[in-house]
Amino acid sequence: MKKLFALLLAGFGLTSCNQQPSPPLATDQVNVLVGNAGYVAATGHAPTTASTDDERVQAHLAYAERRLRQQPAVGLSPALAQRRARLLDLLHRYWVAGVFPRNYDHPEGRRPCFIDRDGRLCAVGYLVAETAGRPAAERINQVHQYDLIADMRTPVLADWVKTSGLTRAECALIQPTYGTPPPTEAEVKTYAVGSAVWGGVNVMLSAANASQFNRPDAGKGAAYAGVLSGTGQLLTGALRLPNDVRGINWIGGTTYGTERTISYLNIGMGTATLALSAWNLISHRNAALRNTAVGVVNFPGPAGGSGLSLTRRF
């Protein structure tokens, strides 16, 4: 029976999760086993930056359901075969509804998410919650929120799989990965307002520093403040600048265009303020050097000689 099971998995294009290590995660693949095959099957082309995350996940789940229905339930008892059929009906209802979780915590790449912070369940989490109860799904989520099915070792999931009519490999086929959602409109507005205020402060500091060039009598407070403030705005813009690879994870048609523009403005204003402030400090130093003179003094007479003189004008 084990050999037959292994052959069935191999013919289905899957491997047993108990025998093989989990595949590596890819930043642009919606499933670790079949990649973007579902989206390609639905649209005839690979995902682009115009493809929303929900569209990608929905296309993948429809594809996974279709493949699982085509796979005969060999070796299952009538009860398990009936359970399997019910789970596939639930999977269909889930992806048609189109309410999917978000990967809030891993901006570096796509990740599975069993239950997100808003309470949205992934496909496998939904199947568990509908058949074993929401508390069972919550227990799995406590220890394996962003894990692949192949890496989940909790007995709650293992016991559910045994009575589901699905294999771990088939659950892994169902499990999508999710991209990082772009910032909300409120978050972008907050970032824009904060950047505008900061930019105004740096404009004033830049003007103050420009007016103090070559003035040794001027204080250095504006120069030091400008260096700190300019550096801070520059770093803020650089750290908030969205990476190009995140563009493919757009959700609901929202893009990173506004955040990207604000980040570039922060980088530009911060750099200008930093440069003017640093130049002001240099001009202070040069003016101070011009007020200091070093010369050679000759002393006449039988005991005369030469020496160095240092003159400082105040």
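Notes on the structure in this doc start here.

Cut-offs applied
- Residues numbered from 1 in each chain as written.
- Predicted model: local features only at pLDDT ≥ 70, side-chain atom pairs only at ≥ 80, totals over all residues.
- Heavy atoms only, no water.
- Helix = DSSP H or I, 4+ residues; strand = E, 2+ residues; numbered from the N terminus.
- Buried < 20%, exposed > 50% of the residue type's maximum accessible area, 1.4 Å probe, protein only.
- Contact = heavy atoms within 4.5 Å.
- Areas by Shrake-Rupley, 256 points an atom, 1.4 Å probe, with all protein chains shown as cover.
- Salt bridge = Lys/Arg side-chain N within 4 Å of Asp/Glu carboxyl O.
- Axes fitted to C-alpha atoms, helices over the stretch in contact; angles between N-to-C directions.
- Parallel < 35°, antiparallel > 145°, perpendicular 65-115°, else oblique.
- Left-handed = near helix turned anticlockwise from the far one by under 90°.
- Nonpolar A, V, L, I, M, F, W, Y, C, P; charged D, E, K, R; others polar.

## A few points about the overall build of the chain
Tallying secondary structure elements over the chain gives 11 helices and 2 strands in all. Overall, the chain shows an N-to-C arrangement of helices and strands of α-α-α-α-α-α-α-α-α-α-α-β-β. Residues classed as buried in the chain amount to 40% of the 314 residues present. A separation threshold of at least 6 residues defines the contact pool for the chain, and within that pool the share at least 24 residues apart is 67%. Looking at the chain as shown, the accessible area adds up to about 16,400 Å², and 61% of this sits on carbon and sulfur atoms.

## Some details on the pattern of salt bridges
Within this structure, the stated rule accounts for 9 salt bridges. Of the charged contacts, one joins Arg 84 and Glu 170 as a salt bridge, the two residues approaching to 2.9 Å between their closest N and O atoms. Of this pair, Arg 84 sits in helix H4 (residues 78-97) while Glu 170 sits in helix H8 (residues 168-174); the two residues are 86 residues apart in sequence, bridging distant segments of the chain. By relative accessible area, Glu 170 is classed as buried at 6%. One salt-bridge network, held together by shared partners, links Glu 65, Arg 69 and Asp 89.

## Looking at the packing of helix H9 (residues 185-211) against helix H10 (residues 221-240)
In the contact formed by H9 and H10, the axes pass within 9 Å of each other and the chain directions differ by 150 degrees. Classed by the angle they form, the pair H9 and H10 counts as roughly antiparallel. As for how H9 packs across H10, the hand of that crossing is left-handed. Each of Tyr 191, Ser 195, Trp 198, Gly 199, Asn 202, Leu 205, Ala 208 and Asn 209 in H9 lies in contact with H10, whose residues at this interface are Ala 222, Ala 223, Ala 225, Gly 226, Ser 229, Gly 230, Gly 232, Gln 233, Thr 236, Gly 237 and Arg 240. A class-by-class count of the residues in the contact of H9 with H10 yields 7 nonpolar, 11 polar and 1 charged.

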